[in-house]
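Spelled out, the chains give:
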Amino acid sequence: MVTSVKKCDLQAVSDFCKDSLLGTKISCQLSVYGLNRDFFNIWCYSDDNGVSAVITKFEDSVTLICDAPEDISEIRTFLDMLGFSSLCCNEESAELLGFVPDKTKNGYIFCS
């Protein structure tokens, strides 16, 4: 289930993000902006195995990291509802979500 990250979730989110480049980006944003900003929001998808996806929205750009969540369709529906001008995620996540990537030197950027 996708939920807004609360202070009590920060350690689980931090642990999930620690081993990836995009996770480092998310951790840095969280460290700088915290949880109570109009221009920065963070959500996580948790299942029986714990956190398996983290989604951030900074202004109109979304960053996603995910690790084979149980219900990828829930994440896709959430992203469609959220709306964005760009989505940054890895190629595997893009394929799971049904996005066709435009490769750039910084990763995969998807425009809605």
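Residues numbered from 1 in each chain as written. Predicted model: local features only at pLDDT ≥ 70, side-chain atom pairs only at ≥ 80, totals over all residues. Heavy atoms only, no water.

(A) Summary view of the nonpolar core. Ranked by size, the top nonpolar core spans 17 residues in total, and within it Ile55, Leu64, Ile75, Leu79, Leu87 and Phe99 carry the most contacts. Where this core is concerned, the elements lending two or more residues are strand E2 (40–47), strand E3 (50–58), strand E4 (61–66), helix H3 (72–82), strand E5 (86–89) and helix H4 (91–97). Those residues in contact with Leu64, other than ones at most four positions away along the chain, are Leu22, Ala53, Val54, Ile55, Ile75, Leu79, Leu87, Cys88, Cys89, Ser93 and Leu97. With 13 residues, the next largest nonpolar core counts Leu22, Ile42, Val51 and Ile65 among its residues. (Core = buried A, V, L, I, M, F, W, Y, C linked by side-chain atoms within 4.5 Å. Buried < 20%, exposed > 50% of the residue type's maximum accessible area, 1.4 Å probe, protein only. Helix = DSSP H or I, 4+ residues; strand = E, 2+ residues; numbered from the N terminus. Contact = heavy atoms within 4.5 Å.)

(B) Representation of the pattern of salt bridges within the structure. Inspection of every chain in the model, using the stated rule, returns 2 salt bridges. Of the charged contacts, one joins Asp60 and Lys57 as a salt bridge, the two residues approaching to 3.8 Å between their closest N and O atoms. Asp60 gets classed as partly exposed once you look at its relative accessible area, which sits at 36%. Where Asp80 meets Arg76, a salt bridge forms, and the shortest distance between an N and an O atom there is 3.1 Å. Within this pair, Asp80 and its partner Arg76 are both found in helix H3, separated by 4 residues, close to a single helical turn. Owing to a relative accessible area of 47%, Asp80 belongs among the partly exposed residues under this scheme. For Arg76, a relative accessible area of 27% puts it in the partly exposed group. (Salt bridge = Lys/Arg side-chain N within 4 Å of Asp/Glu carboxyl O.)

(C) View of the pairing of E2. Among the 8 residues of E2, 6 are classified as buried, and the element is accordingly described as predominantly covered. Relative to E2, strand E1 (residues 2–4) runs antiparallel, the two sharing 3 bridges. Of the residues in E2, the one forming a bridge with Thr3 is Cys44. Where E2 lies against E3, 8 bridges are found, and the strand directions are antiparallel. Of the residues in E3, the one forming a bridge with Trp43 is Ile55. In textbook terms, the turn of a hairpin is the stretch between consecutive antiparallel strands, and for E2 and E3 this stretch comprises 2 residues. (Pairing = 2+ DSSP bridges.)

(D) Representation of the packing of aromatic side chains. Evaluation of the coordinates by the stated rule reveals 6 aromatic pairs. Here the aromatic residues Tyr33, Phe39, Phe40 and Phe58 are joined through ring pairs into a cluster of three or more. Cation over ring: Arg76 sits above Phe99, and NZ or CZ is 4.1 Å from the ring centre. (Phe/Tyr/Trp six-rings, centres within 6.5 Å; stacked < 30°, edge-to-face > 60°. Lys NZ or Arg CZ within 6 Å of the ring centre and 35° of its normal.)

(E) Expanded view of unusual backbone geometry. One non-glycine residue, Glu59, adopts positive backbone phi at about 55 degrees. When you line up the elements, Glu59 lands in the loop between E3 and E4. Residue classification places Glu59 among the exposed positions, given a relative accessible area of 56%.

(F) Representation of the environment of Asn90. With respect to the element layout, Asn90 can be found in the loop between E5 and H4. Overall, Asn90 belongs to the partly exposed group, its relative accessible area being 38%. Taking the C-alpha atoms as reference points, Asn90 and Leu64, 26 residues apart in sequence, are found 8.1 Å from one another. Looking at Asn90, its side chain comes within polar contact range of the main-chain nitrogen of Ser93, at 2.7 Å. (Polar contact = N/O pair within 3.5 Å; in protein donor to acceptor, adjacent residues only side chain to side chain.)

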